[in-house]
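One letter stands for each residue in the lines below.
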Amino acid sequence: MITNESIQRLKESVNIVDLISNYIPVHKNGANYMCVCPFHADKNPSMAIRENEGFFHCFGCGANGDAISFLQKYNNLDFIDAVKELANMYNFVLEDDKKTKVYQKNDALVVLNDYYISELNIRGNLISYLEKRKITRDLRIKFNLGYAPSANDTLRVLQKANIPLENALNEGVLKKNENGVYASFIERITFPIYDNTGFLIGFGGRTLNPQNPAKYVNSPASALFDKSTIFYAYHLAKNDINKHKRMIICEGYMDTISLHKAGLTYAVAVLGTALTKQHLRLIKKDCFVSLCFDKDGAGLNAAFKAGVLLSANGYNAEVIRLKTYKDPGEYIENNEELKLKSELNNAINIITFCIEYIFKKELELEYLDKLSISKIEPFLIKQAYLKVLEYTNTIDSFLANTHLKIFCENYGLDFNLLNGIKAKVVEKKPQIKKTSNIQEDRIIYFLAISKANFNVLILREYFQNPLIDDVLDMNYASAGLIEFLNNFSNAQKIDNILVFFNNLANYYASFNILNASLFKNYAAEIIKNLKLIHSKEGLKKAYHCLVELILVHNKALDEEEKEKLKDYIRKLGE
């Protein structure tokens, strides 16, 4: 067990401004520092960092804590893993209850990485191969490329370094079968893989033997290495990603290195897997994403899957369509660096790409153009369009509608006619009876039109209306919800709901009331803050303030309606 004293000394040794600036641009603001909050869709800097106190606080979403808390939230770690990661970043030696050093769980990886690098440097044939592929000495050093020789050599190095066999197996540098223990990488050029903090967690390996069926291999999955959660070279690219607000995602090690050689140092790669939801935690919402996958069928399919994931989660992205060569590495090998940069501008918006990909696949067309589409039977076109709608129903309705109109205009399709198909399909879905409670209707309407995630502000149990499920699940394709929104009277609408919620959050954040939510949930969070609320009278004042804030931002209501709303909210808090 790591001692509390050791953890406290670690926190005291870390400058929280330096830590956060590794992930997000930070600027001085009076006595404190400010940055855009990475924990919600923040456009204006709302996170304050108090250097002297070692504390951060977001006035938008309420996120707060110390250096360890930041790593926990940012990297989705539990407390102990965040402590160990922070210690590794600052070369801090943690102690357990017996005052012994806590084992650094990548020792085998570090020892072998140094060995593999030294092996590459003495093998002229391998260096010549890399130089033919335009991987210079500087690039070899930057990416720490190496070479894993025989299995016996690897085992010998680990034994000499006194690395326990169990540790080497846990770190994935060795594997075990019925015949015994053997090295994970044998006669392969090695690409060390680091997590987003620069902590070595695994290797990739490329064989030079054309008879080997596995051209590339990665370290096996382990407590350290999970390829679905990391990008190759992210630790090298993250500063430029934050600086340029841009990220290029490609398919492999060599492509990434080639893009960096071309000066595109915000390039990273997936590790032989599709883009996952876990990857998204490393991509900020203000970052423009370019997908640069191979131009073959597999690459296009990977781009489509990534595009669906990115657009459904609200990212601004594009797909780069290479023309001359298969991948970025081939451009660099053929001294076509300028052409590579030029073709990076040959990109298509991610939503347009996904719409066209689905339409083309459903109609089994190699290319999309007006002439080829005009020869397709209308029934098949409608069926393909329905498949497109299944995708566009997962994204923002305004963006979906805009891109569908452009798509129809580009390919000579009747948008209004095809949109009628959408309406008929929606009408077949079960209708939901509206509630007659006008106050509840107003609240549901505001939550729906805000297009924000209000799960922390309001819970399903406070409403009887089943529409709230569609609102909180962001199911804007629901027939009942569409009807509800379309039929809601203008006289019943209250403007500036987002302004109201932002002001409410900022107001209570100034009192250090964190994660405050509406109604019962709001009151429960207030009561938890014993430093502020010590009596029923204090709670009544806090509730009165909430009601008054609601009324201030709902000036469209007449006095009778205001009293009804105030009474309704008060009853919810009883």
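Right, let's walk through the structure included here. (Residues numbered from 1 in each chain as written. Predicted model: local features only at pLDDT ≥ 70, side-chain atom pairs only at ≥ 80, totals over all residues. Heavy atoms only, no water.)

1. Side note on the pairing of strand β15 (residues 317-320)
Short version of the rule: The cut-offs for exposure are 20% and 50% of the maximum accessible area for each residue type, with area from a 1.4 Å probe on protein chains only; residues under the lower value are buried, those over the upper are exposed, and the others partly exposed. Helical segments are the DSSP runs of H or I of at least four residues, strand segments are the runs of E of at least two, and each set is numbered from the N terminus. At least two DSSP bridges between two strands are required for those strands to pair. Here, the term right-handed applies to a crossover whose path from the first strand over the helix to the second runs clockwise when the strands point away from the viewer.
Of the two faces of β15, both are covered, the one formed by A317 and V319 as well as the one formed by E318 and I320. Summarising the sheet, strand β14 (residues 288-292) and β15 pair through 3 bridges and their orientation is parallel. Across the sheet, residue S290 finds its bridge partner in β15, namely E318. Taken together, β14, helix α13 (residues 297-312) and β15 form a β-α-β motif whose crossover is right-handed. Relative to strand β16 (residues 347-349), β15 is paired through 3 bridges, and the arrangement is antiparallel. Bridging from a neighbouring strand, V319 pairs with I348 of β16.

2. Side note on the sheet that holds strand β1 (residues 27-29)
Here 5 strands make up an open sheet; going across it, the order is β1-β2-β3-β4-β5 and the pairing antiparallel. For this open sheet the edge positions go to β1 and β5 (64-65), each flanked by a neighbour on one side alone. The pairing of strand β2 (residues 32-35) with strand β3 (residues 47-50) spans 3 bridges and is classified as antiparallel. Across the sheet, Y33 pairs through a bridge with I49, a residue of β3.

3. What to know about the sheet that holds strand β9 (residues 188-194)
Where strands meet in a sheet, backbone hydrogen bonds hold them as pairs that are either parallel or antiparallel. Formally: Lines fitted to the C-alpha atoms define the axes, with helices restricted to the stretch that makes contact. Angles between their N-to-C directions range from 0 to 180 degrees. Contacts are assigned to residue pairs that have any heavy atoms within 4.5 Å of one another.
Taking strand neighbours across the sheet as the criterion, the 4 strands line up as β6-β9-β10-β11 in an open arrangement whose pairing is antiparallel. Looking at strand neighbours, the two that pair on one side only are β6 (146-148) and β11 (216-218), the edges of this open sheet. Shown here is a sheet whose adjacent strand axes are inclined to one another by a mean of 35°, direction ignored. Pairing analysis gives 3 bridges linking strand β10 (residues 200-207) to β11, with the strands arranged antiparallel. Considered in β11, the bridge of G205 is made with V217. Contacts between helix α5 (residues 107-121) and the sheet are confined to β6, β9 and β10, with β10 contributing the most and set at about 35° to the helix.

4. Quick notes on the pattern of salt bridges
Threshold: In what follows, salt bridge is the name for a side-chain nitrogen of Lys or Arg lying within 4 Å of a carboxyl oxygen of Asp or Glu.
Tallied over the entire structure, the rule returns 7 salt bridges. The partner of K11 in a salt bridge is D66, and the shortest N-O contact between them spans 3.2 Å. Here the residue K11 occupies a position in helix α1 (residues 4-13), and D66 occupies one in the loop between β5 and α3 (67-75), the gap between them amounting to 55 residues. Its salt-bridge partner being R246, residue E318 comes within 3.3 Å of it at the nearest N-O pair. A residue pair is termed long-range when its members are at least 10 positions apart, and E318 in strand β15 and R246 in strand β12 (residues 246-250) qualify at 72 residues.

5. Considerations on the state of the cysteines
Our working definition: The disulfide criterion used throughout: a pair of cysteine sulfur atoms within 2.5 Å.
Throughout the structure, instances matching the rule amount to 0 disulfides. Here C292 stays unpaired: no disulfide links it, and the sulfur of C250, its closest cysteine neighbor, is 6.6 Å away.

6. Topic: the nonpolar core
A general feature of soluble globular proteins is that nonpolar side chains tend to end up buried together. So the rule is basically this: Here, nonpolar core means buried Ala, Val, Leu, Ile, Met, Phe, Trp, Tyr and Cys residues that are tied together by side-chain atoms lying within 4.5 Å of each other.
In terms of nonpolar packing, the biggest core is built from 138 residues, with F231, Y232, I249, I283 and F359 touching the most fellow members. Sorting elements by how many residues they give to this core places helix α16 (residues 350-363) first, with 9 residues. Filtering out sequence-adjacent residues up to four positions away, Y232 remains in contact with F143, L145, F191, P192, I193, Y253, T256, I257, V268, A269 and L271. Counting 6 residues, the second-largest nonpolar core is a separate cluster that includes Y445, V471, L481 and F484.

7. Notes on the pairing of β2
Pairing of β1 with β2, which is carried by 3 bridges, proceeds in the antiparallel orientation. Residue H27 lies in a different strand from β2, and its bridge partner there is M34. Linking two consecutive strands that pair antiparallel, namely β1 and β2, is a turn of 2 residues; a positive phi of about 70° is found at G30 within it.

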